[in-house]
Protein chains: 6
Amino acid sequence: MRTDGREADQMRPIHIQTAVSKHAEGSCLIQCGDTHVLCTASIEERVPPWLRNTRRGWITAEYGMLPRSTGDRSRREAAAGKQGGRTQEIQRLIGRALRSITDLNILGERQIILDCDVLQADGGTRTTAITGAYIALHHACGLLVKTRAISRTPLTSFVAAVSCGIHQGQPLLDLNYQEDSTAAVDANFVLTEKGGIVEIQTTAEDKPFLENQFTAMLELARKGIDQLITAQRDACALD
Amino acid sequence: MRTDGREADQMRPIHIQTAVSKHAEGSCLIQCGDTHVLCTASIEERVPPWLRNTRRGWITAEYGMLPRSTGDRSRREAAAGKQGGRTQEIQRLIGRALRSITDLNILGERQIILDCDVLQADGGTRTTAITGAYIALHHACGLLVKTRAISRTPLTSFVAAVSCGIHQGQPLLDLNYQEDSTAAVDANFVLTEKGGIVEIQTTAEDKPFLENQFTAMLELARKGIDQLITAQRDACALD
Amino acid sequence: MRTDGREADQMRPIHIQTAVSKHAEGSCLIQCGDTHVLCTASIEERVPPWLRNTRRGWITAEYGMLPRSTGDRSRREAAAGKQGGRTQEIQRLIGRALRSITDLNILGERQIILDCDVLQADGGTRTTAITGAYIALHHACGLLVKTRAISRTPLTSFVAAVSCGIHQGQPLLDLNYQEDSTAAVDANFVLTEKGGIVEIQTTAEDKPFLENQFTAMLELARKGIDQLITAQRDACALD
Amino acid sequence: MRTDGREADQMRPIHIQTAVSKHAEGSCLIQCGDTHVLCTASIEERVPPWLRNTRRGWITAEYGMLPRSTGDRSRREAAAGKQGGRTQEIQRLIGRALRSITDLNILGERQIILDCDVLQADGGTRTTAITGAYIALHHACGLLVKTRAISRTPLTSFVAAVSCGIHQGQPLLDLNYQEDSTAAVDANFVLTEKGGIVEIQTTAEDKPFLENQFTAMLELARKGIDQLITAQRDACALD
Amino acid sequence: MRTDGREADQMRPIHIQTAVSKHAEGSCLIQCGDTHVLCTASIEERVPPWLRNTRRGWITAEYGMLPRSTGDRSRREAAAGKQGGRTQEIQRLIGRALRSITDLNILGERQIILDCDVLQADGGTRTTAITGAYIALHHACGLLVKTRAISRTPLTSFVAAVSCGIHQGQPLLDLNYQEDSTAAVDANFVLTEKGGIVEIQTTAEDKPFLENQFTAMLELARKGIDQLITAQRDACALD
Amino acid sequence: MRTDGREADQMRPIHIQTAVSKHAEGSCLIQCGDTHVLCTASIEERVPPWLRNTRRGWITAEYGMLPRSTGDRSRREAAAGKQGGRTQEIQRLIGRALRSITDLNILGERQIILDCDVLQADGGTRTTAITGAYIALHHACGLLVKTRAISRTPLTSFVAAVSCGIHQGQPLLDLNYQEDSTAAVDANFVLTEKGGIVEIQTTAEDKPFLENQFTAMLELARKGIDQLITAQRDACALD
């Protein structure tokens, strides 16, 4: 039994509220247990320099944590004068994940920026950000279709992400902060609705692990992703 | 009649939700119309260098806007590598406002950091941040009293803030973004429950204004502050 | 009686020397007591991006203090790698003040940059900077008229600034550093020759103050501004 | 057949030259085909703040590319004023990889910094850096044992890294730059001599991939790692 | 005949005004023709970390140019966020020059910071800064002796600096900006009253030059330095 | 006798390996004793803004030290967030030295960037960088001629650099680190094959020196430069 009473293969409760921003072309507030991430999609009618005049678009992401989203207050990155390595790693991950299910030719020569800001953190902020960013992106693409800026959606699949870990020898799904900080292995999976693998990042914090442990975590992840994509479908249908 | 149907001396609807953060010692989400600010208070048991061994405490504030809190997406300050002049000006203002109603000797040698993050902006973010920061500070001080870290509250008064402006010759209370961006004069008032003045910042965006216009705005501000302090009282009583 | 023997409503001696720079299109060295500020106006035949092709011009300001302009040496901002919040706040204030009395359409699509560098500080550097910047701007605009770059001056009024404060309960005009650092209330007024208000910034350093105290300070400020504008007129006539 | 004539499961030639630095406590120049990385290990008798007085040590890594290590010259990060996201991601990866096979209690309260500088790049710089960093670390630990600073080596295993990819549907081992930039999937594996998994990073650049493709790449990686560890053994025996 | 009517071996007029700062322990405004530099010496009772507990002191220098000290306005380094290479080169030069004639053991464990700020530039700002910094340093050391902080002056000699150049084949002394920007060779000499060489920096801007040209410039420099040291003596006697 | 057994006028062994980079248009690894510098020349078909449409080219240089090229590890400048004053001073020197022997009109509107990265340091890194940079530049210019981008070489002379010093009263050629750090005078000479002087930088670290000491160092430098240019000729003939 886990500290919060869940089974090893049980996700935390998922709540998604869409259209939370008056200004953004797509937005949601996603809550996975006590991890809360505000995701917005902003459409810009210009692309990075290397894509100019290619008729192709771009998806990029930025990630941030409010200073007191964490147990101890963290220093504001704007005050520190730079984004840390962890932040940059995460926003690169979010961008890659969303680009993998977007046909950039259909999107056309425009950019969608996904801002994922953690209002409250309790483990799994990067995976929650990916799952929520998909929804914001979905709504923004829906708007582009609705306003006839593009003829059909550039999205080729749902995509979601979840973390797994090995805790006292046992594979666990969807770690909270306490579990995450004591887990021997930390794994993040980004998978599509059809079971395709978009990204796997597995790290032994302490000592190497075995292939069968890896396989067990992948299996748990598939289970969690199914639930997340169901929640995404509901949130996208609301529009 | 104003574009959103309000009278000249009418505030936008005020909603305050307290204890919105699992981690912070005090917190609220304050909404003045479509301006939404998340305020947290973090207690740290250390003070800036110049206060060490003085038995006096410190209150400081940080302010940020989520990139898509605005109509057009703004560049993330953490990505830009520095906080802009406007941000620094605002967070200095918030800090001064809250220190003016805090007895730093009673607070003792500790620091309370007030983080005010704008989730959605529609004019008046700095005044809304001050009004909300007071509530987060109030709860944090309540916790210090409750845990007997200090014997009584260091807060000497409620304090709130509101903006006024001159729009087409007429003084208006609590400008929204559209009004603010076309107003000839922009004024921010920070006042206490007893009518004391904490800070006045009045700026002619375009051409100089007259003393009687100033007096009219101050009168409007007193009216608005009364309503804000009533809402603060309710939010503080909830604890 | 004040520490330097002045009456409550008495300004420090004002000295203004114009055309102190071989290179700048307008310049002065202004001394208000022991506060000395070197002000230059530089005309650039290009405007910020948002004004391109609008036929409108721009006025902006930069402010700096030499490291040993102060009693204790301050760190050089260029060495620190950024301009502090106070510096940014002041240069934004100077820019707004001068724009308020400039018709940017008459100025035409060019920019005037006002550099205000404090050679020696003894309180009131930001207000002295505004008063001096006006003179540098006046000369630069005169040059534009003389060289027929523009048909008439874009300046619509003189503008000057002065500080006031409440010291031991008494309103004082034109605080020096010692008075400023112990005053309960600190106020800066930017006024035009016709008595128009351009900017008011009033701050209670310690505890809230009353409206009649505010009014008393405004009255003192009007008196000081009259003398400053007289000195400006003399300095501008010299050209 | 690959563009450089290799089989799908064939590594590029591996050359390792040790003790290439007069100053460093451990060093090597590792060449995997045309990718050349200079690795040094520097022992410092102090640890990061959070480890002080814990009797535990730390391993950290820094990574850099010489500006013309690449086909087109890249901007020098020191001139740009910051390390990019890719650099930070890589040096975090190298640090984790080496810590996973080090007993930090045996190392004692000291830090070993692994500098991995790419002199010439042709794909696989991060994996080559890990493989080379191990050798530099091995020599530095050997020196600590030899000088009796510690009683036995803190290293619990050899560790090496290799990249794989899916290129035109076929899994390939040890991609060069040309292959890497056109591969559909990019995977990096960090494995120990005993087959333990330290880190897996797999990314679909373009579209999701399947689990059996993943398994095929892991198998190739095991084959490559065997050869790399054999080369490491030889290089470590030379000391 | 030179453009300003001087002979090849003729200095520009030298004016030195001392005690120009109310706050600094030593100061002067030095004018060599139209080059004006404000120099202050600040005594701090602490030294850089590497000198702590050595009973030795330190002399360091900082250099800056006001934005409109030059013909075209230069960007403010504080706004640019860093000191340029030229600035750093110059302030390192000033510091070395002054340390070379200071006995740091006699100075004792304290630091003197020399700030040299160019108010107006017309060539030779770095050499003028050195000549002026000596005077500020002299007064600061005099103050230390007078207040019995040290028993005797740590200064072992006067030191001054001057520039020379080769212009249309002819060696010239003390170049102004116009000459400097068209000279084929640019040389800076830092010499003591006794003729000792402290620093020589000679650069061929365009093509290599000959040893006899170098010797001719050194001879000119000695002549100019004699006049500068005479002016320094007068300025130091004034105290 | 010197600590490494050399005569006062004896250079350290010089080894030059050319074409060490697969990518760069010119490159060498130059070793002067234990000082090892990797030099690359990168041709870019664009010039800095101020040279656009002038048909003239540009030569610039960048310099860096690997963190553990030194006895104690130095902080990586990319991690520190800026290039230090010493680095900037050196790369400006290298650029000037190479431009002095290049006809920028013949080079045409393109830029050659010389990257000099110190792999191992033992004194004289800046002079070794200049000597090596010449070779990389020579090969790059040869390539431009060979590919008929330009009709003939823009290089007008060989150029090399060497350091000298006064150590215990005796002039020494080509100081190693130990000698350099204890020398009373430190001098760097950049000379051409025909004996022309490109740059002289002489600094008294401790106390002023005499003209005859300067002359003795210049004579030693001429001797060393002869050997360096002989080595350059051999390295350039290899191409």
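For the structure itself, consult the block above.
Worth saying up front: this structure is predicted, and the values here are computed from it rather than measured.

What counts as what
Residues numbered from 1 in each chain as written. Chains lettered and ligands numbered in written order. Predicted model: local features only at pLDDT ≥ 70, side-chain atom pairs only at ≥ 80, totals over all residues. Heavy atoms only, no water. Helix = DSSP H or I, 4+ residues; strand = E, 2+ residues; numbered from the N terminus. Rg over C-alpha atoms; globule rule 2.2 N^0.38 Å. Buried < 20%, exposed > 50% of the residue type's maximum accessible area, 1.4 Å probe, protein only. Contact = heavy atoms within 4.5 Å. Areas by Shrake-Rupley, 256 points an atom, 1.4 Å probe, with all protein chains shown as cover. Lys, Arg positive; Asp, Glu negative; His and termini not counted. Charge placed at Lys NZ, Arg CZ, Asp CG, Glu CD. Pairing = 2+ DSSP bridges. Axes fitted to C-alpha atoms, helices over the stretch in contact; angles between N-to-C directions. Least-squares fit on C-alpha atoms with pLDDT ≥ 70 in both. Parallel < 35°, antiparallel > 145°, perpendicular 65-115°, else oblique. Nonpolar A, V, L, I, M, F, W, Y, C, P; charged D, E, K, R; others polar. Left-handed = near helix turned anticlockwise from the far one by under 90°. Buried area = accessible area lost by both parts, 1.4 Å probe. Salt bridge = Lys/Arg side-chain N within 4 Å of Asp/Glu carboxyl O. Polar contact = N/O pair within 3.5 Å; in protein donor to acceptor, adjacent residues only side chain to side chain. Phe/Tyr/Trp six-rings, centres within 6.5 Å; stacked < 30°, edge-to-face > 60°. Lys NZ or Arg CZ within 6 Å of the ring centre and 35° of its normal. Expected span 1.5 Å × (residues − 1).

Engineer: Residue-level account of the overall build of chain A, with values.
Structural biologist: Of the regular secondary structure elements, chain A holds six helices and nine strands. For 239 residues, the compact-globule formula gives about 18 Å, and the C-alpha radius of gyration of chain A, at 18 Å, lands near that figure. Dimensions of chain A, computed from C-alpha atoms along their principal axes, come out at roughly 55 × 40 × 35 Å. With 239 residues in all, chain A has 62% of them scored as buried. Of the contacts made within chain A by residues no fewer than 6 positions apart, 70% connect residues no fewer than 24 positions apart. Carbon and sulfur atoms make up 46% of the accessible area of chain A, which amounts to about 9500 Å² in all. Computing the positive centroid from 27 side-chain charges and the negative centroid from 29, chain A places the two 7 Å apart.

Engineer: Which residues make up the sheet that holds strand β3 (residues 35–44) of chain C, and what values do they have?
Structural biologist: Residue and element names in this part refer to chain C. Pairing within the open sheet is mixed, and its five strands lie in the order β1-β2-β3-β5-β4. Two strands in the sheet have a free side with no partner beyond their single neighbour: β1 (14–18) and β4 (58–65). Recorded for the sheet is a direction-independent mean angle of 20 degrees between the axes of neighbouring strands. Its contacts with the sheet place helix α4 (residues 125–146) against β1, β2 (26–32), β3, β4 and β5 (111–120), and it is angled at close to 35 degrees to β3. Packing against the sheet, helix α6 (residues 211–237) makes contact with β1 and β2, and its axis sits at approximately 25 degrees to β1.

Engineer: So, the relation of the copies chain B and chain A: which residues are in play, and what are the values?
Structural biologist: Between the two copies, chain B and chain A, the superposition gives an RMSD of 0.0 Å; the rotation angle is 180 degrees and the shift along the axis is 0.0 Å. The two molecules are tied by a two-fold rotation axis, judged by turn and shift. The C-alpha atom lying nearest the rotation axis in chain B is that of Ala-78 of chain B; the distance is 1.9 Å. Here 100% of the interface residues in chain B have copies in chain A that are interface residues too; the copies meet face to matching face.

Engineer: I'd love a proper account of the sheet that holds strand β8 (residues 185–192) of chain C, names of residues and values included.
Structural biologist: With antiparallel pairing, eight strands are arranged side by side in an open sheet as β7(B)-β6(B)-β8(B)-β9(B)-β9(C)-β8(C)-β6(C)-β7(C). If you trace the sheet from one side to the other, it starts and ends with β7 (170–173) of chain B together with β7 (170–173) of chain C, each paired once. This sheet shows a mean twist of 20 degrees between the axes of neighbouring strands, independent of strand direction. As defined by bridge partners, strand β8 (residues 185–192) of chain B adjoins strand β9 (residues 197–204) of chain B across seven bridges and the pair is classed as antiparallel. Paired with Leu-191 of chain B across the two strands is Ile-197 of chain B, which belongs to β9 of chain B. Across the sheet, α4 of chain C is in contact with β6 (159–167), β8 and β9 (197–204) of chain C; its angle to β6 of chain C comes to roughly 165 degrees.

Engineer: So what's going on with the relation of the copies chain F and chain D? Residues and values would help.
Structural biologist: Relative to chain D, chain F is turned by 180 degrees and slid 0.0 Å along the rotation axis, the superposed coordinates differing by an RMSD of 0.0 Å. Looking at the interface residues of chain F, 100% of them are also at the interface in chain D, so both copies use one shared face.

Engineer: With reference to specific residues and values, describe the packing of helix α2 (residues 85–99) of chain B against helix α2 (residues 85–99) of chain C.
Structural biologist: As a packed pair, α2 of chain B and α2 of chain C sit with axes 8 Å apart at the nearest point and diverge in direction by 110 degrees. Considering their axes alone, α2 of chain B and α2 of chain C lie roughly perpendicular with respect to each other. Across from Gly-85, Arg-86, Gln-88, Glu-89, Arg-92 and Arg-96 of chain B in α2 of chain B, the residues of α2 of chain C making contact are Gly-85, Arg-86, Gln-88, Glu-89, Arg-92 and Arg-96 of chain C. The class makeup of the residues in the contact of α2 of chain B with α2 of chain C is no nonpolar, four polar and eight charged.

Engineer: Go over the packing of α4 of chain C against α6 of chain C, please, and point to the residues and values.
Structural biologist: All names here are of chain C. Following both chains from N to C, one finds α4 and α6 inclined at 30 degrees, their axes separated by 10 Å at the closest point. Compared by their axis directions, α4 and α6 come out roughly parallel. The hand of the α4/α6 crossing is right-handed. Counted together, Thr-131, Tyr-134, Ile-135, His-138 and His-139 of α4 and Leu-228, Gln-232, Ala-235 and Cys-236 of α6 form the full contact between these two elements.

Engineer: Just give me the short version of the interface of chain B and chain A, but keep the residues and values in it.
Structural biologist: Counting residues at the interface gives 38 residues for chain B, matched by 38 residues for chain A. Summed over both sides, the interface of chain B with chain A buries roughly 2700 Å², with 46% coming from carbon and sulfur. At the boundary of chain B with chain A, the tally comes to 16 salt bridges. In this structure, Arg-68 of chain B engages Glu-25 of chain A in a salt bridge whose closest nitrogen and oxygen atoms are separated by 2.6 Å. Our count for the chain B to chain A interface comes out at 24 residue pairs in polar contact (both at pLDDT 80 or more). Put simply, the parts of the chain that give the side of chain B that touches chain A at least two residues each are β3 (35–44), β4 (58–65), α1 (77–80) and β5 (111–120) of chain B. Looking at the side of chain B that touches chain A residue by residue, the classes come out as 14 nonpolar, 11 polar and 13 charged.

Engineer: Can you tell me about the packing of aromatic side chains, naming the residues and giving the values?
Structural biologist: To describe a pair of aromatic rings, you give the distance between the ring centres and the angle between the ring planes. Inspection of every chain in the model, using the stated rule, returns 21 aromatic pairs over all chains. Aromatic side chains Trp-50 of chain C and Trp-58 of chain C sit 5.3 Å apart centroid to centroid with 85 degrees between the ring planes, which places their arrangement in the edge-to-face category. Taking relative accessible area as the criterion, Trp-58 of chain C reaches 19% and is therefore assigned buried. One aromatic cluster in this structure is built from Phe-189 and Phe-214 of chain A together with Phe-189 and Phe-214 of chain D. When the ring centre of Phe-158 of chain B is taken as reference, the NZ or CZ atom of Arg-233 of chain B above it lies at 4.8 Å.

Engineer: Could you give an account of the interface of chain F and chain D, naming the residues involved and the relevant values?
Structural biologist: Reports often express the size of an interface as the amount of accessible area lost when the parts come together. Counting residues at the interface gives 38 residues for chain F, matched by 38 residues for chain D. It is His-23, Arg-68 and Arg-73 of chain F in chain F that bury the most area against chain D; as a group they hold 26% of the surface buried on that side. If you look at where chain F meets chain D, you find 16 salt bridges. The closest approach of N and O atoms between Arg-73 of chain D and Asp-115 of chain F, which form a salt bridge, is 2.6 Å. Our count for the contact surface shared by chain F and chain D stands at 24 residue pairs in polar contact (both at pLDDT 80 or more). Where the side of chain F that touches chain D is concerned, the elements lending two or more residues are β3 (35–44), β4 (58–65), α1 (77–80) and β5 (111–120) of chain F. Of the residues contributing to the side of chain F that touches chain D, the split by class is 14 nonpolar, 11 polar and 13 charged.

Engineer: Any chance you could break down unusual backbone geometry for me, citing the residues and the numbers?
Structural biologist: A positive phi angle, near 65 degrees, is found at Asn-53 of chain B, a position not held by glycine. Looking at the secondary structure, you find Asn-53 of chain B in the loop between β3 and β4. Unusually for a residue other than glycine, Arg-55 of chain C sits at a positive phi of about 65 degrees. Relative to the helices and strands, Arg-55 of chain C is located in the loop between β3 and β4. Assessed through its relative accessible area of 70%, Arg-55 of chain C is described here as exposed.

Engineer: Pulling in residues and values, what's your account of the environment of Glu-219 of chain B?
Structural biologist: Here Glu-219 of chain B is to be found in helix α6 (residues 211–237). Taking the C-alpha atoms as reference points, Glu-219 of chain B and Pro-171 of chain B, 48 residues apart in sequence, are found 9.9 Å from one another.

Engineer: Describe in detail the pattern of salt bridges, supporting the description with residues and values.
Structural biologist: Tallied over the entire structure, the rule returns 126 salt bridges over all chains. For Arg-222 of chain D, the salt bridge goes to Glu-211 of chain A, with nearest N and O atoms at 3.0 Å. Pair noted here: Arg-222 of chain D is in helix α6 (residues 211–237) and Glu-211 of chain A is in helix α6 (residues 211–237), and the two residues belong to different chains. Look at Arg-222 of chain D and you get partly exposed, because its relative accessible area is 25%. Exposure remark for Glu-211 of chain A: the relative accessible area of 31% places this residue in the partly exposed category.

Engineer: Give me the lowdown on helix α4 (residues 125–146) of chain F, citing residues and values where you can.
Structural biologist: In this model, α4 of chain F (22 residues) spans 31 Å end to end at C-alpha, consistent with the 32 Å of a helix rising 1.5 Å per residue. Backbone geometry just after α4 of chain F places Arg-148 of chain F at a positive phi near 60 degrees.

Engineer: I'd like a description of the side chain of Asp-186 of chain F, backed by residues and values.
Structural biologist: Residue and element names in this part refer to chain F. Position of Asp-186 relative to the elements: it lies in strand β8 (residues 185–192). Although Asp-186 is buried, it forms no salt bridge, and the closest oppositely charged side chain is Arg-126 at an N-O distance of 5.9 Å. If near-sequence neighbours (up to four positions away) are discounted, Asp-186 is found in contact with Cys-164, Asp-180, Gln-201, Thr-202, Thr-203 and Glu-205.

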